[in-house]
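Observations on the three-dimensional arrangement
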Amino acid sequence: MRHAGLIAGAAAAALVAAGAITYAVAGDDGSGRTPSAESADAGFARDMAVHHQQAVEMSYIVRDRTEDEEVRRLAYDIAQTQANQRGMMLGWLDLWGLPKVSSEPPMTWMDMGGMASGKDGALMPGMATNSEMKKLGELSGKQAEVFYLQLMTDHHQGGVHMAEGCVDRCTVGVEKRLAQGMVDAQQSEISLMADMLKERGAAPRS
């Protein structure tokens, strides 16, 4: 029950933060300026939308591969929260009249365009490879639970790094607040997943 409360609390906090900013448009700092396509604001929205989409996919995969209610609840909360946030970020790009894809490598807005090679589908730090996604879909029961928790821990660590980059570099206040909310919620979930892995006789991969 303790874990259930932590999961629900983290998800609720993230969704409250998300709900409070769905109204946002460009330039809520009062300047009225729309971010450019090369800005950190646009780069973070594009990259994190892609990053979030994989988390949603992983979460729905594991929900079909285990009967464990604790893992299924966590996966559902992550999928719902990140799908909601992804929709907001893509919506902002629409409002700003900016493309949802870029010819520049991911993470360029953080001056880290060469950090992730994109090998086997891992486009950004923390993202699972195509091979890992395939493996997750082939496991079941405790093995699927452990692998999901390990993959999602890595995924969250990469996501926290990116969100901290937005907190430092983004100029649209509402986006900076969303990014800080991501940092707080995902760090809490990283701690929770470490406990869940320990209960299953496993540990994070790094």
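Here goes a summary of the coordinates provided. (Residues numbered from 1 in each chain as written. Predicted model: local features only at pLDDT ≥ 70, side-chain atom pairs only at ≥ 80, totals over all residues. Heavy atoms only, no water.)

1. Quick notes on the environment of E175
With respect to the helices and strands, the residue E175 is situated in helix α6 (residues 173-199). A residue is classified by how much of its surface remains accessible, and E175, at 0% relative accessible area, is buried. Along the backbone, E175 and M88 are 87 residues apart, and their C-alpha atoms lie at a distance of 9.7 Å. Apart from the residues within four sequence positions on either side, E175 is in contact with D41, F44, A45, W92, W96, C166 and C170. (Helix = DSSP H or I, 4+ residues; strand = E, 2+ residues; numbered from the N terminus. Buried < 20%, exposed > 50% of the residue type's maximum accessible area, 1.4 Å probe, protein only. Contact = heavy atoms within 4.5 Å.)

2. A short note on the packing of helix α2 (residues 40-63) against helix α4 (residues 130-138)
α4 packs onto α2 with a crossing angle of 20° between their chain directions and a minimal axis gap of 9 Å. Here α4 runs roughly parallel to α2, going by the angle between their axes. Packed against α2, whose contacting residues are Q54, E57, M58 and I61, the element α4 presents M133, L136 and G137 at the interface. Here the contact of α2 with α4 is built from residues that sort into four nonpolar, two polar and one charged. (Axes fitted to C-alpha atoms, helices over the stretch in contact; angles between N-to-C directions. Parallel < 35°, antiparallel > 145°, perpendicular 65-115°, else oblique. Nonpolar A, V, L, I, M, F, W, Y, C, P; charged D, E, K, R; others polar.)

3. What about the packing of helix α3 (residues 69-96) against helix α5 (residues 141-169)?
Relative placement of two packed helices is described by the angle separating their axes and the distance separating the axes. Where α3 meets α5, the closest approach of the two axes is 11 Å, and the angle between their N-to-C directions is 35°. As for the relative orientation of α3 and α5, their crossing is left-handed in sense. Contacts between α3 and α5 pair V71, L74, A75, I78 and Q82 from the former with E145, Y148, L149, M152 and H156 from the latter. Across the contact of α3 with α5, the residue classes tally to seven nonpolar, two polar and one charged. (Left-handed = near helix turned anticlockwise from the far one by under 90°.)

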